[in-house]
Amino acid sequence: MAQDDHSGTELAAADSSHAVQEFAGSTGTAVIPHDAFENPGFEPHRPRVTDEDPRREKRAQRTVYTLFYLSILGSVWAIAAYMLFPIESNDVGAVRLNNMFIGLGATLALLGIGFGAVHWGKTLMTSAESIDIRHPISGSEATQQGAVEVFRQADEESGFSRRTVIRNSLIGALLAFPLPAVVLFRGFAPQDQIPVELLSHTMWAKGTRLALDPSGVPIRAADVTIGSAFHVIPEGLIDLEHGKLEEKAKAAVLLMRLDPSELNETPDRASWSYDGIVAYSKICTHVGCPVALYEQHTHHLLCPCHQSQFDVANHCEVIFGPAKRPLPQLPIAVDDEGYLIAQSDFTEPVGPSFWERH
Amino acid sequence: MTRTKRRAGRRHPLATVALLALGLVFTGGAYAALSTGTVAQAEIDPNSQQTIEEGKKLFQANCATCHGLEAQGTANGPSLIGVGAASVDFQVGTGRMPMQMQGPQAQQKPVQFTDDQVKQLAYYVASLGPGPDIPADHLVNGGGDAANGAELFRINCAMCHNVAGAGGALTEGKFAPPLTDVSGVHIYEAMVTGPQNMPVFNDLNITPEDKRDVITYLKYLQDNRSPGGFELGSLGPVAEGLFIWIFGLGAIVAITVWITAKSN
């Protein structure tokens, strides 16, 4: 029987039910209750069919080495498949075949080893039950004393406790050391700009035309028929040299036209729409997913991420889900050429809450 | 001798079956010949009085209960004046109308009319007021730019219909149907007319050429299914997560039980 590296005495035989009581070493931190439930010992050892029947044993042996040979076969097949099914053309079908056959080979190789080893252990290795008693992890008294002595001596020789100025300055240096890393995190935010300002303003400004995503063609009010939904970006966005995606992420707008009689507008916002055409930020006020699942008859906008629902007919108020605020409305008007323009930027920050807005 | 043989032949247990099969073949053949004949001769003229009259009869027999005798609409169904031929061709041609029952949205079911009858109905409704027409063939045959169509699909359609066109859920029992087996004509008509709760994408929003590109992309998806393994309905992380939770974890639990079980 196998032994661990402490001593054979800790490995008790299956039938010695008094093993726990006989163990007399230090108990370490273990809690030893005195009214402990008496160890009933093991159930009587039950031999397996492979212990009793040599033919079964032979068969188990065959199974195990067959599994190992299958594993070898799988490995060889994986190499062969790599050569037989190369990814040479642009054909996705070739990628599929290549991945599938290499994967099957590798699976067979690994599962063959795993199942073979477990089957070997279960049917052929010895099945005698045994106890390996846990030993305390604390060192001996002398070792502990020695360690304390080493520390004391080191302290005395280095003067760590005695030379307080040196010690405290070292502690100060260690505390200051990570500070640059913390401050450098600021570099993740755009430089020379205040993040709160960036989050509070978008590309929309007075007179900016509403344009189609992705072509950037400006939209006339007459183009927007009732029941339509237009995905809108500010005109000029696609001409931006850099920061295009950042600006689009904030300025994306969904433009819808409702029957004006179905639109319930508050008096202070009645001038923000044009003949039933309304524009709302597409960025969900929950965590910023694009809200664009518009139902033209119920006027509901659904956010696909967490099922927040906004009622377009009522200034996009939240009617379901975790969103906390209505979607910000973009005030729109029509210029003298008939194009839709923004009256101003959004009057509130778009998108989810941040530290200064909640 | 021959007489008895014939009698025996007529009384053979398979004689009835043979007779039945013969009869069916003849009926089927005659029916096929007749029906191909009607299809061949019928190129429905959208403007002829006869088409509109036929459509009106069909309409009054099948649709007027909800939409009114003159398609003016009732409490149970909207007015169809000005919805155009495209709308009727989509709703009736995909089997959504006549509607099975009132509910969150009209369900698809087997088409109730022949192609000719659908066209007659469509041109009758088109004669009531101007509206979108059934698109021309070159716009719906999938001969456009699939890459441009894919970009437009991702911007305008994918949020409801899923980026692979597998469809998705909306609010309160409504849903965006899968686009995996919809014909080009019906996709085009749906964009122009905005059936059910789908928004309208008129020709100034997505131009006819862009619509052709979107259809090209969807046709490409229909012809080139997922290149990698099981699609699981292309429904995304929820379907895939559920699959791996049930079958992946199930397999791990089964192997663990096997490893720890005592051998016989």
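Residues numbered from 1 in each chain as written. Chains lettered and ligands numbered in written order. Predicted model: local features only at pLDDT ≥ 70, side-chain atom pairs only at ≥ 80, totals over all residues.

### Details of the overall build of chain A
Here is the rule we go by: Going along the chain from the N terminus, every DSSP run of H or I of four or more residues is numbered as a helix, and every run of E of two or more is numbered as a strand. We take the radius of gyration over the C-alpha atoms and set the globule estimate at 2.2 Å times the residue count to the 0.38 power. Exposure criterion: with C-beta atoms placed from backbone coordinates, a residue whose C-beta has 20 or more other C-beta atoms within 10 Å is buried, one with 12 or fewer is exposed, and one in between is partly exposed. C-beta atoms are placed from the backbone for every residue, and two residues are taken to be in contact when these atoms lie within 7 Å.
Counting its regular elements, chain A contains nine helices and twelve strands. Taking 358 residues into account, the globule formula puts the C-alpha radius of gyration at 21 Å, and chain A, at 37 Å, lies well above it. Oriented by its inertia axes, the alpha-carbon framework of chain A measures out at about 100 × 75 × 50 Å. The burial tally for chain A puts 23% of its 358 residues in the buried class. Long-range pairs, those at least 24 residues apart, make up 59% of the contacts in chain A with a sequence separation of at least 6.

### Focus on the overall build of chain B
A count of helical and extended segments in chain B gives twelve helices and two strands. Burial status across chain B gives 32% buried among its 264 residues. Considering only contacts within chain B whose residues lie at least 6 apart along the sequence, 66% involve residues at least 24 apart.

### Here we look at the domain arrangement of chain B
Residue and element names in this part refer to chain B. What counts is decided by this rule: For the purposes of this description, domain bounds are those given by an automatic or database domain assignment.
You can read the domains of chain B as domain 1 (49-126) and domain 2 (137-225). If you average the C-alpha positions of domain 1 and of domain 2, the two centres end up 23 Å apart. Counting from both sides, the interface comprises 13 residues of domain 1 and, opposite them, twelve residues of domain 2.

### A short note on the confidence of the model for chain B
Where the model shows low pLDDT, its predicted coordinates should not be examined in detail. Residue and element names in this part refer to chain B. The following threshold applies: pLDDT measures the predictor's confidence residue by residue and takes values from 0 up to 100.
Across chain B, the average pLDDT comes to 85, with 88% of residues at or above 70. For chain B, per-element mean pLDDT is lowest for helix α1 (residues 2-11), which scores 55, and highest for helix α8 (residues 146-156), which scores 94. Predicted confidence is poor over residues 37-41, with pLDDT under 50, and the contacts of this stretch with residues over four places away or in other chains come to zero contacts.

### Overview of helix α4 (residues 92-123) of chain A
All names here are of chain A. Stated precisely, the cut-off is as follows: Residue count minus one, scaled by 1.5 Å, sets the expected span of a helix.
Here α4 contains 32 residues, and its C-alpha end-to-end distance of 45 Å stays within 8% of the 46 Å for a straight helix at 1.5 Å per residue. Turning to α4, its buried residues number three or more, namely Gly-105, Leu-108, Gly-112, Lys-122 and Thr-123. In this structure, the buried residues of α4 make contact with α2 (49-52) and α3 (54-84).

### What to know about α3(A)
Residues and elements named next belong to chain A. An ideal rise of 1.5 Å per residue puts 45 Å on 31 residues; α3 measures up with 43 Å between its terminal C-alpha atoms. Here α3 has its buried residues at Val-64, Leu-67, Ser-71 and Ala-81. For α3, the secondary structure elements touched by its buried residues are α4.

### Regarding the interface of chain B and chain A
We count it as follows: The classification used treats Ala, Val, Leu, Ile, Met, Phe, Trp, Tyr, Cys and Pro as nonpolar, Asp, Glu, Lys and Arg as charged, and all other residues, Gly among them, as polar.
In this assembly, 21 residues from chain B lie in contact with 30 residues from chain A. Secondary-structure elements contributing two or more residues to the side of chain B that touches chain A are α8 and α9 (158-161) of chain B. A total of three residues in the side of chain B that touches chain A trace back to one element, the largest contributor, which is α8(B). Looking at the side of chain B that touches chain A, its residues break down into ten nonpolar, nine polar and two charged.

### Overview of the nonpolar core
We apply this condition: Note on definitions: a nonpolar core is a set of buried residues drawn from Ala, Val, Leu, Ile, Met, Phe, Trp, Tyr and Cys, linked by C-beta atoms within 7 Å.
The biggest cluster of nonpolar side chains holds 87 residues, and the ones touching the most others in it are Leu210(A), Val232(A), Val253(A), Leu255(A) and Val125(B). Sorting elements by how many residues they give to this core places helix α6 (residues 115-126) of chain B first, with seven residues. For Val253(A), the residues in contact, after removing those within four places along its chain, are Leu210(A), Val232(A), Ala279(A), Tyr280(A), Ser281(A), Lys282(A) and Leu330(A).

### Some remarks on the sheet that holds strand β4 (residues 229-234) of chain A
Residue and element names in this part refer to chain A. Applied cut-off: At least two DSSP bridges between two strands are needed for those strands to be called paired. Working convention: axes come from line fits to C-alpha atoms, limited for helices to the stretch in contact. Angles between N-to-C directions cover 0 to 180 degrees.
In space, the four strands of this open sheet follow the order β3-β4-β5-β6, with antiparallel pairing throughout. Edge strands, defined here as strands with exactly one partner in the open sheet, are β3 (210-212) and β6 (277-281). Each strand axis lies, on average, 45 degrees off the axis of its neighbour in the sheet, ignoring direction. Alignment of β3 against β4, held across three bridges, turns out to be antiparallel. Bridge pairing in β4 links Leu-210 to Pro-234.

### Section: the sheet that holds strand β7 (residues 293-295) of chain A
Within a sheet, adjacent strands bond to each other through the backbone by hydrogen bonds, running parallel or antiparallel. Residues and elements named next belong to chain A. Pairing in this open sheet of four strands is antiparallel, and the strands run β7-β8-β9-β10 from one edge to the other. In the strand order of this sheet, the two ends are held by β7 and β10 (317-320), each with one partner. The average undirected angle you get between the axes of adjacent strands in this sheet is 30 degrees. Sheet topology note: the strand β9 (residues 309-311)/β10 ladder contains three bridges and is antiparallel. Note on β10: the bridge partner recorded for Gln-309 is Phe-320.

### With respect to unusual backbone geometry
Here the bond from Asp213(A) into Pro214(A) is cis, since omega is 5 degrees, no more than 30 degrees from zero. Residue placement: Pro214(A) occurs in the loop between β3 and β4. In this chain, Met97(B) is followed by Pro98(B) through a cis amide linkage whose omega measures -5 degrees. Structurally, Pro98(B) can be placed in the loop between α5 (84-93) and α6. In this model, Asp275(A) sits at a positive phi of 50 degrees, which is unusual for a non-glycine residue.

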